[in-house]
Amino acid sequence: MQRLSLAAIGTAAVALLATACTGSSPAPQANDDATKPVTITFWHGWSAPSEAAAIDANVKAFEAKHPNIKVKVVGNINDDKIKQALRAGGPNSPDVVSSFTTDNVGSFCTSNVFADLKPFLDKSGIDVDKTFPKALQDYTQYEGKRCALPLLNDAYGLYYNKDAFKAAGITAPPKTLSEFDKIAKQLTKEKGDTYSQLGFMPNFHGYESTTGHFAAMWNPTYLTPEGKSNLAGDPAFANMLKWQKNLVESLGGYAKLEKYRNTFGDEWGAKNPFHTGQTVMSIDGEWRLGMAKDAGVKFDIGVAPFPVPDDQADSYGKGYLAGTIIGIATPSTKQNAAWELVKYMTTDTEAVVNFSNGIRNIPSTLEALKSPNLKVDENFKVFLDIAQHPKSNTTPASPNGGAYQLTFQGFAYQHEAGKVPDLAAGLKKTDEQIDKDLAQSR
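Overview of the structure. Everything numeric in this text was worked out from a predicted model, so none of it was measured.

Next up on the list: the packing of aromatic side chains. Two aromatic rings, taken as a pair, are described by how far apart their centres are and by the angle between their planes. The tally for this structure, following the rule as stated, stands at 27 aromatic pairs. The interplanar angle of 35° and the centroid separation of 4.7 Å between the aromatic rings of Tyr160 and Phe165 together place this pair among those described as tilted. Pair check on accessibility: Tyr160 and Phe165 agree, each one buried. Look at Phe204 and Phe214: their rings are 6.0 Å apart centre to centre, the planes differ by 50°, and that puts the pair in the tilted class. With Phe204 in the loop between strand S8 (194-200) and helix H10 (211-215) and Phe214 in helix H10, this pair connects stretches of sequence that are 10 residues apart. On the basis of relative accessible area, Phe214 is assigned to the buried category, the value being 0%. Here the aromatic cluster, defined as three or more aromatic residues joined through ring pairs, consists of Phe180, Phe200, Phe204, Phe214, Trp218, Trp243 and Phe306. Here Lys256 stacks its cationic end above the ring of Tyr195, 5.1 Å away from the centre of that ring. The ring of Phe380 has Arg360 lying over it, and the distance from NZ or CZ to the ring centre is 4.2 Å.

According to the stated counting rule, one finds 12 salt bridges in the structure shown. For the salt bridge of Asp193 with Lys259, the shortest nitrogen-to-oxygen distance reads 2.4 Å. In this pair, Asp193 is assigned in the loop between strand S7 (189-191) and S8 and Lys259 in helix H12 (residues 254-261), connecting sequence segments 66 residues apart. Judged by its relative accessible area of 47%, Asp193 is partly exposed.

Further remarks concern the packing of helix H9 (residues 177-186) against helix H11 (residues 235-250). The packing of two helices is summarised by the inter-axis angle and the distance between the axes. At a closest axis distance of 10 Å, the pairing of H9 and H11 adopts a crossing angle of 20°. Between H9 and H11, the angle is such that the two are roughly parallel. The element H9 and its partner H11 pack so that their crossing is right-handed. Only Trp243, Leu247 and Ser250 of H11 make contact with H9, whose side of the interface consists of Leu177, Phe180, Asp181, Ala184 and Lys185. Partitioned by chemical class, the residues of the contact of H9 with H11 number five nonpolar, one polar and two charged.

Another point: the pairing of strand S1 (residues 38-43). Counted residue by residue, S1 has five buried out of six residues, so it is predominantly covered. In this view, the connection linking S1 to its parallel neighbour strand S2 (residues 69-74) by way of helix H2 (residues 49-65) has right-handed handedness. In this structure, S1 lies alongside strand S3 (residues 96-99), joined through two bridges in parallel fashion. Bridged to Phe42 within S3 is Val96.

Within the span of helix H3 (residues 79-88), buried status applies to Asp79, Ile82, Lys83, Ala85 and Leu86. Mapping the buried residues of H3 onto a view down its axis gives an arc of 165°, with all of them on the same face. By the N-cap criterion, in which a side-chain oxygen at the helix start approaches the backbone nitrogen of a residue two or three places on, H3 is capped by Asn78, the distance to Lys81 being 3.0 Å. Two residues or fewer after H3 comes Gly89, characterised by a positive phi angle close to 70°.

This next bit is on the nonpolar core. Phe42 and Phe114 are the most contacted members of the largest nonpolar core, which totals 77 residues. For this core, the element with the highest residue contribution is helix H15 (residues 335-347), accounting for seven residues. Two domains each put at least three residues into this core: domain 1 (28-154 + 321-388) and domain 2 (156-318 + 397-441). Ignoring sequence-local partners within four residues, the contact set of Phe114 consists of Ile82, Leu86, Val97, Phe108, Lys145, Cys147, Ala148, Ile325, Gly327, Ile328 and Thr330. Formed by 49 residues, the second largest nonpolar core is a distinct cluster that contains Phe180, Met201, Leu247 and Val420.

Here we take up a negative patch on the surface. The grouping of Asp163, Asp300, Asp377 and Glu378 at the surface amounts to a negative patch. The class for Asp377 is partly exposed, based on a relative accessible area of 43%.

A few words on empty space enclosed by the protein. Throughout the structure, instances matching the rule amount to two cavities of 30 Å³ or more. Approximately 150 Å³ is the volume found for the largest cavity. In terms of residue count, strand S9 (residues 279-285) provides more of the lining of the largest cavity than any other element does, five residues in total. Among the residues forming the lining of the largest cavity, the class breakdown is eight nonpolar, five polar and four charged. Taken together, Thr102, Asp103, Tyr139, Thr395, Pro396 and Ala397 make up the full set of residues lining the second largest cavity.

A few words on the packing of H2 against H15. At a closest axis distance of 11 Å, the pairing of H2 and H15 adopts a crossing angle of 120°. Regarding the angle of H2 to H15, the classification is oblique. Between H2 and H15 lies a crossing whose hand is right-handed. Together, Ile55, Asn58, Ala61, Phe62 and Lys65 of H2 and Glu340, Leu341, Tyr344 and Met345 of H15 make up the contact between the two elements. When the residues that make up the contact of H2 with H15 are grouped by side-chain class, the tally is six nonpolar, one polar and two charged.

About the thresholds
Residues numbered from 1 in each chain as written. Predicted model: local features only at pLDDT ≥ 70, side-chain atom pairs only at ≥ 80, totals over all residues. Heavy atoms only, no water. Phe/Tyr/Trp six-rings, centres within 6.5 Å; stacked < 30°, edge-to-face > 60°. Buried < 20%, exposed > 50% of the residue type's maximum accessible area, 1.4 Å probe, protein only. Helix = DSSP H or I, 4+ residues; strand = E, 2+ residues; numbered from the N terminus. Lys NZ or Arg CZ within 6 Å of the ring centre and 35° of its normal. Salt bridge = Lys/Arg side-chain N within 4 Å of Asp/Glu carboxyl O. Axes fitted to C-alpha atoms, helices over the stretch in contact; angles between N-to-C directions. Parallel < 35°, antiparallel > 145°, perpendicular 65-115°, else oblique. Left-handed = near helix turned anticlockwise from the far one by under 90°. Contact = heavy atoms within 4.5 Å. Nonpolar A, V, L, I, M, F, W, Y, C, P; charged D, E, K, R; others polar. Right-handed = clockwise from strand over helix to strand, strands pointing away. Pairing = 2+ DSSP bridges. Arc of directions from axis to C-beta. Polar contact = N/O pair within 3.5 Å; in protein donor to acceptor, adjacent residues only side chain to side chain. Core = buried A, V, L, I, M, F, W, Y, C linked by side-chain atoms within 4.5 Å. Domains from an automatic or database assignment. Patch = residues over 30% accessible without salt bridge, like charges linked within 9 Å, V, L, I, M, F, W, Y side chains within 5 Å. Areas by Shrake-Rupley, 256 points an atom, 1.4 Å probe, with all protein chains shown as cover. Lys, Arg positive; Asp, Glu negative; His and termini not counted. Charge placed at Lys NZ, Arg CZ, Asp CG, Glu CD. 1 Å grid on protein atoms, 1.4 Å probe; cavity = no way out; pocket = protein on both sides within 12 Å on 5 of 7 lines; lining within 4 Å. Points joined across faces, edges and corners; volume = space filled by probe spheres on them.

The following block contains the structure:
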């Protein structure tokens, strides 16, 4: 599942806020008769042939159970197209919408472009606490308003080249960051002003080596109970940035790493640096297993939870979680029929398991995670375990989507490059900017 860049998240969030500020259409009453013949439109973001085929198979199974409801499926839709269509409304807008951008749930809920699902859940007798893992419940609601449900899940862990480990005499993946740093250095082979092999790419532009994915290992608190930015208040953020910068320096320094990073191929293609052996370890999601296989990777791949801070060794096994969300478009006049599709795709165990098997993402319900029909190998099980770890976590929703993450990551770029003389003061100033942005979005 291809994740959106933080820049794209920020753009979509700003656009959604503009929708909220200029006013959105009032929510139609869900008074359509879902037992009568009807056609609903479902927009999703998947584009790869195998992913689109899995979606189509799920929809056909739904139509077989609900022969009166026909679903028009439109793929490869991003959040910009979603917000434009839902702002405009009309007969060409979708009834059901899915998005890869969990960070925008706060914007979707506060701008009312996604309908409140509580009445539908109550009507169907669905207890979210008994249906979905806690972290997934958290990223599909904002301030008590649930305007989305999880549609599969992503978990992030450590990928490593078993052949390179064996050649270096390393017998097991690291569990703590001190072990990780030592192995990353041991596996790095410098060659003049570049590398013939890099143990790990720590720079924040290094694909999935993001502030959010790293910070998750400290279980940080991004926002105070009052909704204020907490970067300076929670030591987790400073500790993460210090760890990352120390690793950057130990592996040759920011400039040298950036030069090497510029030789990397596309993250989503066969020339991903982990595929090619340019890096020995990487942080990535479960989807990389299928992509590496499709790329014809020649070495034996190992996966494990990402290492944790040494003083949190007892929390090893956790990781960052995200996923796809799905909801009902507020302008839709077919909300009851739309709910039938949303309910089926998100809570029917067979549907969730089949979709998980089809696109190799983590199931998003408690029952599906335990299903004997789930296709699980040794590596995929690692991600299933991360997804169910009690200390796995995600970035919280906010009224301006992922904009606060974009601001924090911008600061992190400056810090790793050695342009921040006072970390504490820099985090405090970043808090002030995030608070200003949040205030403008409310």
